[in-house]
Amino acid sequence: MLNSYREHLAERGAKGIPPLPLSAEQTSQLCELLQNPPAGEEEALMAMLRDRIPPGVDEAAYVKAGFLTAIAKAELTSPLISPQGAVDLLGTMVGGYNVQSLVELLQSNHTTLAAEAATALSKTLLVFDAFNDVLEISDINPYAKQVIDAWANAAWFIGRPKLPEAVTVTVFKVPGETNTDDLSPATHATTRPDIPLHALAMLESRIPSALDTIAKLKQNGYPVAYVGDVVGTGSSRKSAINSLLWHIGEDIPYVPNKRAGGYILGSKIAPIFFNTAEDSGALPIECDVSTMETGDVITIHPYKGEITNQAGEVISTFTLKPDTILDEVRAGGRIPLLIGRSLTDKTREALGLEPSPLFVRPTMPEDTGKGFTLAQKMVGKACGLTGVRPGTSCEPIMTTVGSQDTTGPMTRDELKELACLGFSADLVMQSFCHTAAYPKPVDVKVHKKLPDFFASRAGVALRPGDGIIHSWLNRMLLPDTVGTGGDSHTRFPLGISFPAGSGLVAFGAALGVMPLDMPESVLVRFKGELQPGVTLRDIVNAIPYVAIQKGLLTVEKKNKKNVFSGRIMEIEGLPDLKVEQAFELTDASAERSCAGCTIKLGVETVSEYLRSNIALLKNMVARGYNDARTIMRRVAKMEEWLANPVLMEADPDAEYAEIIEIDLNEITEPIVAAPNDPDNVKLLSEVASDR
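The sections below set out a description of the structure shown in this document. Remember, it's a predicted structure, so these values are computed and weren't measured experimentally. (Residues numbered from 1 in each chain as written. Predicted model: local features only at pLDDT ≥ 70, side-chain atom pairs only at ≥ 80, totals over all residues. Heavy atoms only, no water.)

## Notes on the state of the cysteines
Under the convention used in this document: Any pair of cysteine sulfurs within 2.5 Å is marked as a disulfide.
What the rule picks out here adds up to 0 disulfides. There is no disulfide at cysteine 594, and the cysteine sulfur nearest it, in cysteine 597, is 6.5 Å away.

## A few points about the packing of helix α17 (residues 334-350) against helix α22 (residues 502-511)
Spelled out, the test is: Interaxial angles span 0 to 180 degrees and are taken between N-to-C directions of axes, which are lines fitted to C-alpha atoms, for helices over the stretch in contact. A run of H or I in DSSP becomes a helix once it reaches four residues, and a run of E becomes a strand once it reaches two; helices and strands are each numbered from the N terminus. Our angle categories are set so that under 35 degrees counts as roughly parallel, over 145 as roughly antiparallel, 65 to 115 as roughly perpendicular, and the remainder as oblique. Any two residues whose heavy atoms approach within 4.5 Å at even a single point are treated as in contact. Three categories are distinguished: nonpolar for Ala, Val, Leu, Ile, Met, Phe, Trp, Tyr, Cys and Pro, charged for Asp, Glu, Lys and Arg, and polar for the others, with Gly belonging to the last.
Taken N-terminus to C-terminus, the directions of α17 and α22 make an angle of 25°; their axes are 11 Å apart at the nearest point. On the basis of their axis angle, the class for α17 and α22 is roughly parallel. Taken together, the residues of α22 that come into contact with α17 (itself represented by Arg334, Ile335, Leu338 and Ile339) are Gly503, Leu504 and Phe507. Its residues assigned to classes, the contact of α17 with α22 comprises 5 nonpolar, 1 polar and 1 charged.

## Some points on the pattern of salt bridges
Oppositely charged side chains can pair when the atoms bearing their charge come close. Using the following cut-off: Salt bridge, as used here: a side-chain nitrogen of Lys or Arg that lies within 4 Å of a carboxyl oxygen of Asp or Glu. Classification of residues uses two cut-offs on accessible area relative to the type maximum, computed with a 1.4 Å probe and protein chains only: under 20% is buried, over 50% is exposed, and between them is partly exposed.
Summed over all chains, the structure comprises 35 salt bridges. Of the charged contacts in the structure, one is a salt bridge between lysine 145 and aspartate 149, with a shortest N-O distance of 2.9 Å. With a gap of 4 residues between them, lysine 145 and aspartate 149 both fall in helix α9 (residues 142-152), about one helical turn apart. Assessed through its relative accessible area of 36%, lysine 145 is described here as partly exposed. Of the charged contacts, one joins aspartate 651 and lysine 377 as a salt bridge, the two residues approaching to 2.8 Å between their closest N and O atoms.

## Some points on the environment of valine 460
Within the secondary structure, valine 460 sits in strand β13 (residues 460-461). Of the residues examined, valine 460 reaches a relative accessible area of 0% and is grouped as buried. C-alpha separation for the pair valine 460 and tyrosine 226, spaced 234 residues apart in sequence, amounts to 38 Å.

## Concerning the sheet that holds β13
To be explicit about the condition: The pairing criterion is simple: DSSP has to find at least two bridges between the two strands.
Taken in spatial order, the 5 strands line up as β13-β12-β11-β14-β15 in an open sheet, and their pairing is parallel. Only two strands of the sheet have a single partner each, and these edge strands are β13 and β15 (496-497). Pairing between strand β12 (residues 427-430) and β13: 2 bridges, direction parallel. Paired with methionine 429 across the bridge in β13 is valine 460.

## With respect to helix α14 (residues 239-248)
The element α14 is largely enclosed, with a buried count of 10 among its 10 residues. By the burial criterion, the buried members of α14 are Ser239, Ala240, Ile241, Asn242, Ser243, Leu244, Leu245, Trp246, His247 and Ile248.

## Regarding the nonpolar core
As a reminder, the rule being used: Grouping buried Ala, Val, Leu, Ile, Met, Phe, Trp, Tyr and Cys residues that are joined through side-chain atoms within 4.5 Å yields what is termed a nonpolar core. A domain assignment, automatic or from a database, supplies the domain bounds used here.
By size, the foremost hydrophobic cluster in this structure holds 92 residues, and its most contacted members are Leu68, Ile81, Leu121, Val134, Val379 and Leu415. Ranked by residue count, the leading element in this core is helix α4 (residues 59-72), at 7 residues. For this core, the domains that each give at least three residues are domain 1 (1-153) and domain 3 (374-383 + 393-513). Not counting residues within four places of it along the chain, the set of residues in contact with valine 379 comprises Val388, Cys394, Pro396, Val482, Ile496, Phe498, Leu516 and Met518. Phe492, Val540, Tyr545 and Cys594 belong to the second largest nonpolar core, which has 60 residues in total.

Next up, the structure:
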């Protein structure tokens, strides 16, 4: 095993990247070696055990946790690992397979082991139901009481450093627009789960010398900040952030081949990309970057909201968002903060204590007393409220979650890190649509293994060749509910979806909720009649066309204006559309960089669609699709809606950031999009002779 591993190490080292994490088989062999280590290999073996095994509920983590538990209980021995050292290593595994062992060790007759287990659990967040086990014995067990007190006092958070008052960085700037395909090229999609290898392709077609430039800039001794005019448009792929942070972030202790942190500055940062950066512990800042150039040394003052040059002159100002961003960076990301803060709040509630004052809590926006939009009502329903105002930080229930094959392996890895052994979301679906037609060898492996991973957690696994994720996921939707998916075009025609990167999709699937800072809404209201020769695609293009005419959208990337960016598009005035037609409109909201989209449809249209979908889902069960219980549960909920078919509607006095009215009577000819930019739309007569 060691010889094979070192060959792999040399092969990867030649590319400037670390080796792959150990597999379960390699970990098993490593554990055998650790019981009788070859002379001179001691340090290397311990480094592999400590740093090269994935955390959570990865198969290799299962082997590692079992081995360390056996040493802690004196069932196995190693000259390199004492029982106390084994417990300490169990405490580095984040959560999952290590937790039950640590809870048991709290009750060990060996006080040093019990004390070490208490220290380990005090900094472990992914404990799930084991929380109740620790709480139950905390009245009689001082070590369990120590853990409960540590959770209540947020020791996991206090132990992490605050963001400094000033951070000096070196600028690496990519002018114009950076989309996620620049950072994570689709041509290298099969390597996305292998973050260091995939990161070698970052910006390869945009700036071939980019990685060499970043490496040279690091020699200044400062972190490198990624700067761009417009950053992160396009697909929702988290691999774009993974690649970027591999070059500008920092290693995560005990988590192989993944980095967090980093600084991202943009005049405009696409909403999904911004959220994914938050989740990964980066600090995304929207500010004027026009005076910044590659090689500049600048200082970010996060608490003042200023950026200065080396002469101390203020060259840009900003307002951090959301309110909790500094806590997110300190915690290592928005997802660790949410999980940790929830654990602390849950503990304090059990102890009869007030919520911890350590955290910055989201501030509720002022209630205007006005009505709610359709989207605000849908999200409100998912939060147990009548409606949710823009700016509200909330965690709506995720009724439907979708994952597709090019991001599915990353979602799988994120689920393992979250120690997820069963989905909390009502329905989680995995498709195999992007790679089915021309699968590479690595795709064939994914097609074989990933369905079982999702089905074992009560997810719905499609089969290669079944079709596109959206076509299937739309057939599983419930009206007026909220969901998410790992594709930027996950734009529900029923209810509302907030597309996300694989990390947030995994969070939504595992915990059944998703963090959301409720965006503002833009109402697009159609009136009039469709004219001869004008198609549904022309109606789609009419939205940016009219926005451009009103000065609400510009094509130029520098200082770009986009009224839709980061907001929810709410469409009215086309009630007779079929649901499949409605999806063409909601789907196009991705091209506007919208956070989400709703469309008002008629009850009969939706009822007809659901009746068809019920037949489809029952047929899936008859043909052996898993998970049958999940599918039939969704069928039952569709039938329940059909028994009382009522759709939510916006209140007449609902407030919108902007209202755009489009008169179909005035659209008398096709509207086409120029190449490479869906915002650049023109009347056919304007480009009739262009070549």
